[in-house]
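Architecture and fold: a report
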Amino acid sequence: MIKTDVIVIGAGAAGLFCATEAGKRGRNVIVFDHAKRLGGKILMSGGGRCNFTNMYTSHENFLSQNPHFCKSALSQYTQWDFISLVNEYGIKHHEKTLGQLFCDDTAKDIVDMLLAECKKAQVDIKNRTEIIDIEFVDNRYIVNTSQGAFSSESLVIATGGLSMPKLGATPFGYRIAEQFGIPIIPTKAALVPFTLHEHDKAVIGELSGISVDASASCNNTSFNENILFTHRGLSGPAVLQISSFWEPGQEVEFDLFPNGDLVQDLLEQQQSSPEIQLSTALTRHYSKRFVQAAIPYFELENKPLKQYNPKQLQSAAEAFTQWHVKPNGTEGYRTAEVTLGGVDTDYVSSKNMQVKNQEGLFFIGEVLDVTGWLGGYNFQWAWSSGWVAGQVV
Ligand SMILES: Cc1cc2nc3c(=O)[nH]c(=O)nc-3n(C[C@H](O)[C@H](O)[C@H](O)COP(=O)(O)OP(=O)(O)OC[C@H]3O[C@@H](n4cnc5c(N)ncnc54)[C@H](O)[C@@H]3O)c2cc1C
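The name given to the protein chain in an unreviewed UniProt entry is HI0933-like protein, with the source organism recorded as Glaciecola nitratireducens. Here is the UniProt Cofactor (unreviewed entry) comment for the protein chain, exactly as written: "FAD".

Encoded structure:
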């Protein structure tokens with residue numbers, strides 16, 4: 001049996017970050033992962049450029065049964081701390097939109113930085129390792145693996161959620177929580193595209209590839225970004241964001257003219273250009289392809305603007321500004337960016353992620369019931385939760 005101070009299971013964002021911090025304190029750290037390639041999710045993230053944090057990160061950008069849980073870790077290790085580290089490594093980056101910071105070149109810069117930090121802190125990373133089981137004997141954690149048995153004082157579970165099984169996601173962390181008597185808040189795919197019922201899909205499929213500015217609303221929450229029509233349904237930032245708030249069977253309302261007043265606009269166009277058709281008036285704001293599909297889909301008549309009375313013009317505008325869609329479902333964990341729910345935070349210290357009644361056991365990152373919005377918040381949670389655990393493991 002090989003003895004060490006700290007074992008981390010999961011060499012993703014949170015696990016590597018925690019291991020580095022513990023290693024810097026002089027702790028002997030071994031990280032296990034079953035994946036062949038390290039940092040797979042980071043490499044795929046942000047379209048290959050990794051949206052590694054958000055300048056405006058606050059606890060309000062996270063969903064959890066306990067919305068206060070994430071506050072302490074986020075304030076102990078902030079987005080500015082991570083940005084300083086990125087700067088130390090000379091990784092060029094830019095703000096894309098809404099405080100979202102992306103690498104200029106490639107997400108590999110972030111993986112290389114994490115691996116360099118691990119190397120500096122003498123962290124031993126063992127990938128391609130299957131974890132068989134975990135025992136707790138004489139106040140030590142025994143981890144039986146495909147590479148033999150290891151024991152440690154501290155055990156950190158950083159195996160993430162269920163999203164993207166092809167990148168190595170498993171329910172391992174939830175099983176370990178249950179083994180130690182910790183409940184799991186029911187999980188659900190989040191930041192995920194919607195699939196549609198056949199009648200919507202028939203029209204929307206034709207719009208595949210088009211994106212429009214929109215505000216998406218559901219359950220008293222709205223996001224104003226853009227939506228993307230796909231051959232399967234609806235995607236794009238506003239859709240991914242609202243998917244985390246949506247429950248099956250509910251409608252989502254889209255305002256496809258979120259930054260102005262479409263009724264007013266059409267009334268003004270009616271005054272200035274009474275002869276133009278509704279479709280022409282709408283192509284001042286939308287692509288021709290979109291308007292051609294939208295008019296029949298919304299069952300609107302297409303005639304010169306002068307032939308509409310104000311009420312008719314208003315209802316034409318409202319078809320675009322109050323578009324109600326009842327998604328058929330979501331694309332599920334296969335394409336979801338994150339998993340909502342997870343290890344119940346009531347059982348975990350918000351200061352350092354240690355399980356309250358189980359000394360030496362820690363849960364960090366996405367495996368916990370803390371889920372960020374789209375926009376770099378999920379990585380910031382991985383860094384912050386990993387960092388605070390790294391100070392005490
Ligand atoms: C396509 C995609 C794009 C994303 N883009 C962004 C983005 O730009 N910005 C952002 O903030 N967030 C993004 N996210 C979310 C973000 O990647 C995650 O929230 C974050 O990686 C969670 O970190 P983690 O360390 O908790 O888990 P993970 O990064 O998922 O790491 C978990 C690790 O545990 C390992 N593991 C799992 N089960 C086992 C097991 N049984 N045995 C051994 N090892 C195991 C896995 O192989 C993996 O390496 C994206 C997610 C996806 C899927």
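Further notes follow.
Attention now goes to the UniProt feature "domain: RsdA/BaiN/AoA(So)-like insert" (unreviewed entry) in the protein chain. In this structure's numbering, the residues bearing the UniProt feature "domain: RsdA/BaiN/AoA(So)-like insert" (unreviewed entry) are residues 189-338. Structurally, residues 189-338 comprises 35% helix and 23% strand, and the distance from its first C-alpha atom to its last is 6 Å.

Where helix α1 (residues 13-24) meets helix α13 (residues 377-390), the axes come as close as 7 Å, and the angle between the chain directions of the two elements is 30 degrees. Accordingly, the angle class assigned to the pair α1 and α13 is roughly parallel. Along this stretch, α1 crosses α13, giving a crossing that reads as right-handed. Taken together, the residues of α13 that come into contact with α1 (itself represented by Ala13, Ala14, Phe17, Cys18, Glu21 and Ala22) are Phe379, Ala382, Trp383, Gly386, Trp387, Ala389 and Gly390.

An α-helical turn contains 3.6 residues, so any two residues separated by three or four positions project in the same direction. Taking 1.5 Å per residue as the helical rise, α13 with its 14 residues ought to reach 20 Å, and the 19 Å between its terminal C-alpha atoms agrees with that figure. For α13, the tally of buried residues reaches 14 of 14 residues, placing the bulk of the element in the interior.

Around the ligand sit 29 residues in total, of which Ala14, Asp33, Thr170, Glu366 and Phe379 are the nearest. Here an oxygen atom of the ligand and a side-chain polar atom of Lys41 are 3.1 Å apart. Measuring from a nitrogen atom of the ligand, one finds a backbone N or O atom of Asn51 at 2.9 Å. Summarising the interface, the protein chains cover 93% of the accessible area of the ligand, which totals 1,000 Å² for the free molecule. Among the elements of the structure, α1 and α13 are those that each provide at least two residues to the shell around the ligand. No other element matches α13, which puts four residues into the shell around the ligand. Among the residues forming the shell around the ligand, the class breakdown is twelve nonpolar, 13 polar and four charged.

For the rest of this paragraph, the subject is empty space enclosed by the protein. Under the defined criterion, the tally for this structure stands at one cavity of 30 Å³ or more. Quantified by volume, the largest cavity comes out at close to 60 Å³. Considering the residues around the largest cavity, the lining is formed by Val203, Ile204, Leu207, Phe229, Phe290, Ala293, Ala294, Tyr297, Phe298 and Trp323. At the level of elements, α7 (198-204) and α11 (288-297) are the ones that each hand at least two residues to the lining of the largest cavity. In terms of residue count, the dominant contributor to the lining of the largest cavity is α11 (four residues). The residue makeup of the lining of the largest cavity, split by class, is ten nonpolar, no polar and no charged.

The biggest cluster of nonpolar side chains holds 79 residues, and the ones touching the most others in it are Ile110, Ile134, Met353, Phe363 and Trp381. Listed in part, the 52 residues of the second largest apolar core include Ile210, Phe257, Ile276 and Ala317.

With that out of the way, let us pick up the packing of helix α4 (residues 79-88) against helix α5 (residues 108-120). With their axes 11 Å apart at the nearest point, α4 and α5 run at an angle of 90 degrees to one another. One way to sum up the angle between α4 and α5 is to call them roughly perpendicular. Contact residues: α4 offers Phe82, Leu85 and Val86, while α5 offers Ile110, Met113 and Glu117. In the contact of α4 with α5, the residues fall into five nonpolar, no polar and one charged.

With that settled, consider the domain arrangement of the protein chain. Taken domain by domain, the protein chain comprises domain 1 (2-187 + 340-390) and domain 2 (194-330). The centre of domain 1, based on its C-alpha atoms, is set 39 Å off from the matching centre of domain 2. With six residues of domain 1 at the contact, the number on the domain 2 side is seven residues. Buried area between domain 1 and domain 2, both sides added, is near 560 Å², and the carbon and sulfur share of it is 70%. For domain 1, the biggest contributors to the area lost against domain 2 are Leu63, Trp373 and Leu374; these three give 72% of the whole. Linking domain 1 with domain 2 are zero salt bridges, by the criterion used here. The residue inventory of the side of domain 1 that touches domain 2, partitioned by class, reads five nonpolar, one polar and no charged.

Before going further, it helps to spend a moment on the layout of surface pockets. Its volume calculated, the second largest pocket comes out at about 170 Å³. Forming the boundary of the second largest pocket are Leu63, Ser64, Gln65, Ile185, Pro186, Lys188, Ser244, Phe245, Glu247, Leu340, Gly341 and Asp369. Those elements giving two or more residues to the lining of the second largest pocket turn out to be β11 (184-190) and β19 (338-343). Take the lining of the second largest pocket: its biggest share by element is three residues, from β11. Counted by class, the lining of the second largest pocket contains five nonpolar, four polar and three charged residues. When we break the lining of the second largest pocket down by domain, the ones giving at least three residues each are domain 1 (2-187 + 340-390) and domain 2 (194-330).

Conventions used here
The written sequence of each chain sets the order in which its residues are numbered from 1. Local features in this predicted model are restricted to residues whose pLDDT is 70 or higher, and side-chain atom pairs enter the listing and the counts only when it is 80 or higher, whereas totals over whole chains, interfaces and linings include all residues. Based on all heavy atoms of the structure, the side-chain values leave hydrogens and waters out of the count. UniProt positions are given in the numbering used here, feature names are shortened, and annotations may be inferred rather than shown by experiment. A run of H or I in DSSP becomes a helix once it reaches four residues, and a run of E becomes a strand once it reaches two; helices and strands are each numbered from the N terminus. For helices, the axis comes from a line fit to the C-alpha atoms of the stretch in contact; other axes are also lines fit to C-alpha atoms, and the angle between any two N-to-C directions lies between 0 and 180 degrees. What sets the label is the angle itself: under 35 degrees gives roughly parallel, over 145 gives roughly antiparallel, 65 to 115 gives roughly perpendicular, and the rest give oblique. Handedness of each helix crossing follows the sense of rotation of the near helix against the far helix: counterclockwise by less than a right angle gives left-handed, clockwise gives right-handed. Note on contacts: a residue pair qualifies if any of its non-hydrogen atoms lie within 4.5 Å across the two residues. For a helix, the expected span equals 1.5 Å multiplied by the residue count minus one. Note on exposure labels: buried denotes an accessible area under 20% of the residue type's maximum, exposed denotes more than 50%, and partly exposed covers the range between, all computed with a 1.4 Å probe on protein chains only. We call a residue near a molecule or strand whenever a single non-hydrogen atom of that residue lies within 4 Å of it. Residues adjacent in sequence count toward polar contacts only when both atoms are side-chain atoms; beyond that, a polar contact is any pair of N or O atoms within 3.5 Å, and within protein one must be able to donate a hydrogen and the other to accept it. Computed with a 1.4 Å probe, the accessible areas rest on the Shrake-Rupley method; for each residue, only the protein chains presented here act as cover. Residues are grouped as follows: Ala, Val, Leu, Ile, Met, Phe, Trp, Tyr, Cys and Pro are nonpolar; Asp, Glu, Lys and Arg are charged; every other residue, Gly included, is polar. A cavity here means a set of points on a 1 Å grid, drawn over the protein atoms and nothing else, where a 1.4 Å probe fits but cannot get out; a pocket is an open set with protein on both sides within 12 Å along at least five of seven lines, and a residue lines either one if it has an atom within 4 Å of a point. Grid points are joined across faces, edges and corners, and a volume is the space filled by probe spheres set on the points. In these notes, a set of buried Ala, Val, Leu, Ile, Met, Phe, Trp, Tyr and Cys residues joined through side-chain atoms within 4.5 Å is what counts as a nonpolar core. Domain limits in this description derive from either an automatic procedure or a database domain assignment. Defined in terms of a 1.4 Å probe, buried area is the accessible area two parts forfeit on being brought together, summed over both. Should a side-chain nitrogen of Lys or Arg be within 4 Å of a carboxyl oxygen of Asp or Glu, the pair is scored as a salt bridge.

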